[in-house]
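A closer look at the structure
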Amino acid sequence: MRIVPPIFTWNKGILKLSARGSRITQKPWLLGVILLVCVVTAMLLANIPQTSHAYHEILKTNIQLHIFTAGGTDILFPSGMTVEKFINDILMVLFFFVVGLEIKREFASGALSSPKKAMLPVVAAFGGVLVPALIYIAINHGTAASSGWGIPTATDIAFAVCIISMLGDRVPLSLKVFLTALAVTDDLIAILVVILFYGGGVRLGLMAVSLAVIAFVFMMRKLGEKRMFPYMLCTLIVWILFYYSGIHATMSGVVMAFLIPSAPLYNKSQYYHKRNRLIARLDQLGTLSDEPFPNTSQRRCLRKLEAVAHGSMDMSYRIEHTLTPWVNFVVVPLFALANAGVTISDISLLNVFRFDAALGSVSMGVFFGLLLGKPIGITLFSWLAVRLKIGAMPEKSGWGMLAAVACLGGIGFTMSIFIDTLSFGDQSEAVMLALRDAGKIAVLTASVCAGLLGSLLIFICGKRRKKE
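Cut-offs applied
Residue positions within a chain follow its written sequence, with the count starting from 1. Per-residue local features of the predicted model are confined to residues with pLDDT of at least 70, and side-chain atom pairs are confined, for both listing and counting, to 80 or more; whole-chain, interface and lining totals are unaffected and use all residues. Excluded from the side-chain calculation are hydrogens and water; included are all heavy atoms of the structure. By nonpolar core is meant a set of buried Ala, Val, Leu, Ile, Met, Phe, Trp, Tyr and Cys residues that side-chain atoms within 4.5 Å join together. Think of it in three bands: with a 1.4 Å probe and only protein chains considered, a residue is buried below 20% of the maximum accessible area for its type, exposed above 50%, and partly exposed in between. In this description, contact between two residues means that some pair of their heavy atoms is separated by no more than 4.5 Å. What counts as an axis is a line fitted to C-alpha atoms, over the stretch in contact for a helix, and the angles between N-to-C directions run from 0 to 180 degrees. The secondary structure listing takes helices from DSSP runs of H or I that are at least 4 residues long and strands from runs of E that are at least 2 residues long, numbered from the N terminus. Every angle not falling under 35 degrees, over 145, or within 65 to 115 is termed oblique; those three ranges are roughly parallel, roughly antiparallel and roughly perpendicular. Here a crossing is called left-handed whenever its near helix is offset anticlockwise from the far helix by less than a right angle, and right-handed whenever the offset is clockwise. Ten residue types, Ala, Val, Leu, Ile, Met, Phe, Trp, Tyr, Cys and Pro, are classed as nonpolar, four, Asp, Glu, Lys and Arg, as charged, and the remainder, Gly among them, as polar. Take the residue count of a helix, subtract one, and multiply by 1.5 Å to get its expected span. Here the bend at a residue means the angle between the axes of two seven-residue stretches, the one that ends at it and the one that starts at it. Patches here: salt-bridge-free residues with over 30% relative accessible area, like charges joined within 9 Å, nonpolar side chains (Val, Leu, Ile, Met, Phe, Trp, Tyr) joined within 5 Å. Accessibility throughout is a Shrake-Rupley quantity obtained with a 1.4 Å probe, and a residue counts as covered only by protein chains that appear here. When a carboxyl oxygen of Asp or Glu lies within 4 Å of a side-chain nitrogen of Lys or Arg, that pair is called a salt bridge. The charged-residue count follows a simple rule in which Lys and Arg add positive charge and Asp and Glu add negative charge, with His and chain termini not counted at all. In plain terms, the charge of a residue is placed at NZ if it is Lys, CZ if Arg, CG if Asp and CD if Glu. Polar contacts here mean pairs of N or O atoms no more than 3.5 Å apart (in protein, one a potential hydrogen donor and the other a potential acceptor; neighbouring residues in sequence count only if both atoms are side-chain atoms). Cavity: a set of points on a 1 Å grid over the protein atoms alone where a 1.4 Å probe fits but cannot get out. Pocket: an open set with protein on both sides within 12 Å along at least five of seven lines, its lining residues, like those of a cavity, having an atom within 4 Å of a point. Grid points are joined across faces, edges and corners, and a volume is the space filled by probe spheres set on the points.

Below, the discussion takes up the nonpolar core. Of all hydrophobic cores here, the largest spans 117 residues; its most connected members are Phe-95, Phe-96, Val-362 and Phe-413. Contact partners of Phe-96, with chain neighbours within four places excluded, come to Ile-191, Thr-250, Met-251, Gly-253, Val-254, Met-415 and Phe-418.

In structure tokens, the structure reads:
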């Protein structure tokens, strides 16, 4: 009987991914499949009569942390924290922290590391934000839904990469890099949109303290501090200050991610010097003792060797490598389960062509913004960048294939739904919830249509490319 290695292992009281688990989680299509399952599950839970009530009650359940003082009283922290709010305001901090680390890495050494590499996807990303926003505003200007213009501006990198990976060699490698870089830039723009347009009333005192902590971390980094604990402690403090200052708490993750040091503790020459010295010591210890390997002295030496290897990888990479599996396979699926479950009490909610003179049509704005605005904006601005010679056309690709790939930019799941949960706060609760539900349904519908349309066009363009 063949024994299958475990996906997780338990080491020193910490649950870790095994080598097999690490290989599985690196599959580019896996997260998209998991998210799709979570979306379907959430929709079923929210609309099956036997589970709908329990589903919404679980999301509304209060999470309470009681701290008992010497006087016998207790402090509740934080107040009004429900399961849904815990996922959106606390767990999603980790998501944005990892997104910040990924964006920083792409600018440091990835697809956005030089002007020549970056200009085409950066310009295309701006087009993919501007045109959907204009379409939404044109439909909803002057209505209660007008503040939701940010919803159709975001691209979900997980679903887009999932589809483009499953299409294999039909898509040139240069266009895969282009879509990834575009999605990364798109995430950065979406983060700026949230910070600038979807925050609450800012408490200036707490904001000033948070800026002082951020400045302290910046100075700490400049002075060469490379220990992880001070950065993690300051990240926690900044999150708390952001949470109570009126800026959405998740943005603290992005800000602090950019301040994490990218330089390793040991450079190349230091690593090789320390490694060679420790290996020579290990060889020497092996000749001095007949004890089974490793003996006590050798274990000590191996631990030092492990620490040297650990120190040769920068803190930014180590944190991203540790958090990414948990964000991809715990945080984001939980976000999908908590936010994609829209109760369809009226079949008219599925009609994206509904329009009300007072409420507008968040459904129509989001649907056409994602499905049409994204590919039009990305393709048009890419054409302008190439025409003006500020960007180069991806190798082995034509405008037909680029437009087909641009359709995948209309998949706007995670960031679009996140912005939807922040929108329409200026309306009454009933209107706000109705608009948010309509927005979520439109995001899901448009994302499915964009994925199918993009896949079909890529398949057609791929067949033509092979014939040529």
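Quick look at the packing of helix H5 (residues 115-140) against helix H7 (residues 173-197) now. For the pair H5 and H7, the least separation of the axes is 8 Å and the interaxial angle reads 55°. Judged by the inter-axis angle, H5 sits oblique to H7. As H5 runs across H7, the sense of the crossing is right-handed. Contacts from Leu-120, Pro-121, Val-122, Ala-124, Ala-125, Phe-126 and Val-129 of H5 reach H7 at Phe-178, Ala-181, Leu-182, Thr-185, Asp-186 and Ile-189. A class-by-class count of the residues in the contact of H5 with H7 yields 11 nonpolar, one polar and one charged.

The end-to-end C-alpha distance of helix H14 (residues 362-387), which contains 26 residues, comes to 35 Å, matching closely the 38 Å that a straight helix rising 1.5 Å per residue would cover. The sharpest bend along H14 comes to roughly 40°, located at Gly-373, with the proline Pro-375 sitting one to four residues further on. Directly after H14, the chain includes Lys-389, whose backbone phi takes a positive value near 60°.

Let us now look at the environment of Ala-338. Inspection of the secondary structure assignment puts Ala-338 in helix H13 (residues 315-339). In this structure, Ala-338 is in contact with Tyr-55, Leu-59, Glu-84 and Ile-87, ignoring residues within four places of it in sequence.

Taken together, the side chains of Leu-372, Ile-376, Leu-380, Trp-383, Leu-384, Leu-388, Ile-390 and Trp-399 present a nonpolar region at the surface, about 720 Å² in accessible area. Per-element accounting of the nonpolar patch gives the leading share, five residues, to H14. Along the chain, the position of Leu-372 falls in helix H14.

This paragraph deals with the pattern of salt bridges. Inspection of every chain in the model, using the stated rule, returns five salt bridges. Asp-186 is the salt-bridge partner of Lys-374, the closest N and O atoms lying 2.5 Å from each other. Of this pair, Lys-374 sits in helix H14 while Asp-186 is found in helix H7, placing the two residues 188 residues apart along the sequence. Notably, a salt bridge pairs Arg-227 with Glu-225, separated by 2.8 Å at the nearest N-O pair. Salt bridges linked by common partners bring Arg-105, Glu-106 and Glu-320 together as one network.

Bringing a positive patch on the surface into the picture now. The grouping of Arg-277, Arg-281, Arg-299, Arg-300, Arg-303 and Lys-304 at the surface amounts to a positive patch. Of all the secondary structure elements, the ones that give two or more residues to the positive patch are helix H11 (268-288) and helix H12 (296-311). If one sorts the elements of the positive patch by residue count, H12 sits on top with four residues. Following the sequence through the fold, Lys-304 ends up in helix H12.

By the secondary structure assignment, Thr-379 is in helix H14. Within the structure, the side chain of Thr-379 is placed 2.7 Å from the backbone oxygen of Pro-375, a separation counted as a polar contact. Residues within four places of Thr-379 in sequence aside, it is in contact with Trp-399, Leu-402, Ala-403 and Ala-406.

Despite not being glycine, Lys-389 shows a phi value in the positive range, around 60°. Within the secondary structure layout, Lys-389 lies in the loop between H14 and helix H15 (399-407). Unusually for a residue other than glycine, Phe-424 sits at a positive phi of about 65°. Topologically, Phe-424 is positioned in the loop between helix H16 (413-422) and helix H17 (429-467).

The next subject is the environment of Gly-391. Here Gly-391 is to be found in the loop between H14 and H15. Along the backbone, Gly-391 and Val-122 are 269 residues apart, and their C-alpha atoms lie at a distance of 9.4 Å. Beyond its immediate stretch of four places on either side in the chain, Gly-391 contacts Met-119, Leu-120, Ala-385 and Val-386.

With that settled, the discussion passes to the layout of surface pockets. The space that makes up the second largest pocket amounts to roughly 970 Å³. As for the second largest pocket, its lining consists of 35 residues, and the residues nearest its centre are Glu-84, Asn-88, Thr-421, Leu-433 and Arg-436. Every element with two or more residues in the lining of the second largest pocket is listed here: helix H3 (49-60), helix H4 (83-109), helix H9 (228-245), H13, H16 and H17. Top contributing element to the lining of the second largest pocket by residue count: H17, with six residues. Residue composition of the lining of the second largest pocket, by class: 14 nonpolar, 12 polar and nine charged.

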